[in-house]
Amino acid sequence: MIVVMDFGASEEEIGEVEERIKSFGYDVHHFNGEPRAVLGIIGSPGEDTRDALEVMPSVERVIPVSLPFILASREFKKDKTIFEAGGVEIGGEKIVLIAGPCAVEGKEPFLRAAEAVKKGGADILRGGAYKPRTSPYSFQGLEEEGLKIMAEAREITGLPIITEVTDQHSVEIVARYVDIIQVGARNMQNFTLLKELGQVDKPVLIKRGMAATIEEWLMAAEYLLSNGNHRVILCERGIRTFETYTRNTLDISAVPIVKDLSHLPVFVDPSHGTGKWKCVPSMSLAAVAAGADGLLIEVHPSPKEALCDGLQSLVPEKFSQLKASIRGVAQAVGRIL
Ligand code: PEP
Ligand code: MN
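Structural notes, computed from the coordinates. All of these numbers come straight from a predicted model, not from anything done at the bench.

## Describing a negative patch on the surface
Moving on, step 1. A grouping of E47, D48, D51, E54, E215 and E216 is seen on the molecular surface, where their side chains present a negatively charged patch.
Moving on, step 2. Secondary-structure elements contributing two or more residues to the negative patch are α2 (47–54) and α7 (214–226).
Moving on, step 3. Among the elements that take part in the negative patch, α2 stands out by supplying 4 residues, more than any other.
Moving on, step 4. Looking at the element boundaries, E47 is found in helix α2.
Moving on, step 5. Using a relative accessible area of 60% as the deciding quantity, one classes E47 as exposed.

Structure (structure tokens):
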């Protein structure tokens with residue numbers, strides 16, 4: 001971190017800032033430049049230290065040099081992170097497909113959907129048991145009953161399961177049933193939830209918040225890592241922009257950026273990212289071309305009857321066709337499917 005002193009700061013003022021830096025336990029280098037002095041801090045102080053220095057009257061500004069997401073960054077770990085989740089390798093050469101309906105609507109429809117995505121070539125089965133709905137009058141999910149249905153679907157299909165947890169009180173029960181825990185866009189900055197999930201022995205997929213910058217998203221992942229959970233998947237799912245034709249604007253450019261900044265695997269959710277099933281195939285190909293390690297796709301055997309997100313759900317046949325077309329793009333970018 002670099003502290004730029006005010007133009008004309010006196011030796012005494014510079015000395016006071018040096019003392020303040022040392023009081024936080026850091027060494028300091030004094031560059032007596034013209035027209036300003038500059039102080040270089042040895043180490044990576046946090047935001048609080050930065051603010052405490054910037055507030056000093058003789059300080060012009062403080063410039064961080066290191067990235068604020070320490071554990072999530074490539075500076076900390078050069079090689080990409082590869083781990084196992086429910087028997088599936090995440091972040092390796094193979095593109096991982098997560099598929100299933102938005103919500104677990106009941107036993108019979110979910111088992112039908114599970115069989116269909118298994119047949120279509122999914123690696124992991126998704127389904128929502130706790131649904132974060134915009135309206136309190138919309139279907140809220142079957143909760144533990146939904147988790148039991150998902151566990152039964154895993155028994156039948158052999159596919160590992162992922163579901164969203166919406167608050168810290170449900171972490172224990174969700175972790176008991178599923179192989180991967182999902183943090184939804186609306187909860188990306190629920191730090192109490194993230195701290196709790198940091199201590200759980202299950203991988204976590206964390207969606208990008210709909211109004212979150214890439215840095216905020218990586219800081220959210222940092223909460224999981226710094227609390228002890230190193231099996232973290234980042235999932236781009238579109239951000240809110242002025243555009244209204246699509247539900248969200250899928251930020252494909254976030255993929256190469258995050259892959260560069262971080263060693264963590266990056267997935268893309270083109271279903272929530274666009275809100276339109278017709279956009280899902282092309283955005284899936286684009287995501288793989290951009291370097292995504294996996295896709296999260298909503299699939300429903302009968303989208304017109306779906307209780308949630310039918311407009312963006314692929315029918316199983318379209319999902320199978322999509323898998324076949326992804327293969328070519330995956331090969332072109334040196335991946336397998
Ligand atoms: C979901 O995956 O079902 C979901 C609610 O997604 P998001 O948090 O991205 O809106
Ligand atoms: Mn959904």
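## Describing the site of ligand 1
Moving on, step 1. Close to ligand 1 lie C102, R126, K131, E164, Q182, G184, A185, R186, K207, R237, H272 and E298.
Moving on, step 2. With respect to ligand 1, the side chain of R126 contributes an N or O atom lying 2.8 Å from an oxygen atom.
Moving on, step 3. Between ligand 1 and A185 there is a distance of 2.7 Å, counted from an oxygen atom to a backbone nitrogen or oxygen.
Moving on, step 4. Contact with the protein chains removes 97% of the 300 Å² of surface that ligand 1 exposes when unbound.
Moving on, step 5. Split by residue class, the shell around ligand 1 holds 2 nonpolar, 3 polar and 7 charged.

## Concerning the sheet that holds strand β3 (residues 38–42)
Moving on, step 1. Pairing is antiparallel across the open sheet formed by 4 strands, whose spatial order is β2-β3-β1-β4. The sheet terminates laterally at β2 (27–31) and β4 (59–63), the two strands that pair on one side only. Pairs of neighbouring strands in the sheet enclose a mean axial angle of 20 degrees, with direction left out of account.
Moving on, step 2. Where β2 lies against β3, 5 bridges are found, and the strand directions are antiparallel. Of the residues in β3, the one forming a bridge with F31 is V38.
Moving on, step 3. In this fold helix α1 (residues 11–23) packs onto β1 (2–5), β2, β3 and β4, with an angle of close to 155 degrees to the strand it touches most, β2.

What counts and how
- Along each chain, residue indices are assigned from 1 in the same order as the chain's sequence is written.
- As a convention, the first chain written is A and the first ligand written is 1, with the rest following in written order.
- Restriction of local features to residues with pLDDT of at least 70 applies here, the model being predicted, together with a cutoff of 80 or more for giving and counting side-chain atom pairs; totals for whole chains, interfaces and linings are based on all residues.
- Values reported for side chains reflect all heavy atoms of the structure, with hydrogen atoms and water molecules removed beforehand.
- Patch membership requires more than 30% relative accessible area and the absence of a salt bridge. Residues of like charge join within 9 Å; the nonpolar side chains Val, Leu, Ile, Met, Phe, Trp and Tyr join within 5 Å.
- All accessible-area figures derive from a Shrake-Rupley calculation using a 1.4 Å probe, and residue coverage is judged against the displayed protein chains alone.
- Salt bridges are identified by distance alone: a Lys or Arg side-chain nitrogen within 4 Å of an Asp or Glu carboxyl oxygen.
- None of His or the chain ends enter the tally, which takes Lys and Arg as positive and Asp and Glu as negative.
- Charged side chains are reduced to one point each, which is NZ for Lys, CZ for Arg, CG for Asp and CD for Glu.
- The helix count covers DSSP runs of H or I at least four residues long, the strand count covers runs of E at least two residues long, and both are numbered beginning at the N terminus.
- The rule is simple: take the accessible area with a 1.4 Å probe, protein chains only, and divide by the maximum for that residue type; under 20% is buried, over 50% is exposed, in between is partly exposed.
- Nearness here has a simple test: a residue counts as near a molecule or strand if at least one of its heavy atoms is within 4 Å of that partner.
- Pairs of N or O atoms are called polar contacts if they sit within 3.5 Å, as long as, within protein, a hydrogen donor faces a hydrogen acceptor (for residues adjacent in sequence, only side-chain-to-side-chain pairs).
- For this scheme, ten residues count as nonpolar: Ala, Val, Leu, Ile, Met, Phe, Trp, Tyr, Cys and Pro. Four count as charged, namely Asp, Glu, Lys and Arg, and the remainder, Gly too, count as polar.
- A pair of strands is labelled paired if DSSP reports no fewer than 2 bridges between them.
- In this analysis an axis means a line fitted to C-alpha atoms, helices contributing only their contacting stretch, and an angle means the value between N-to-C directions, from 0 to 180 degrees.
- We call two residues in contact whenever any of their non-hydrogen atoms come within 4.5 Å of each other.

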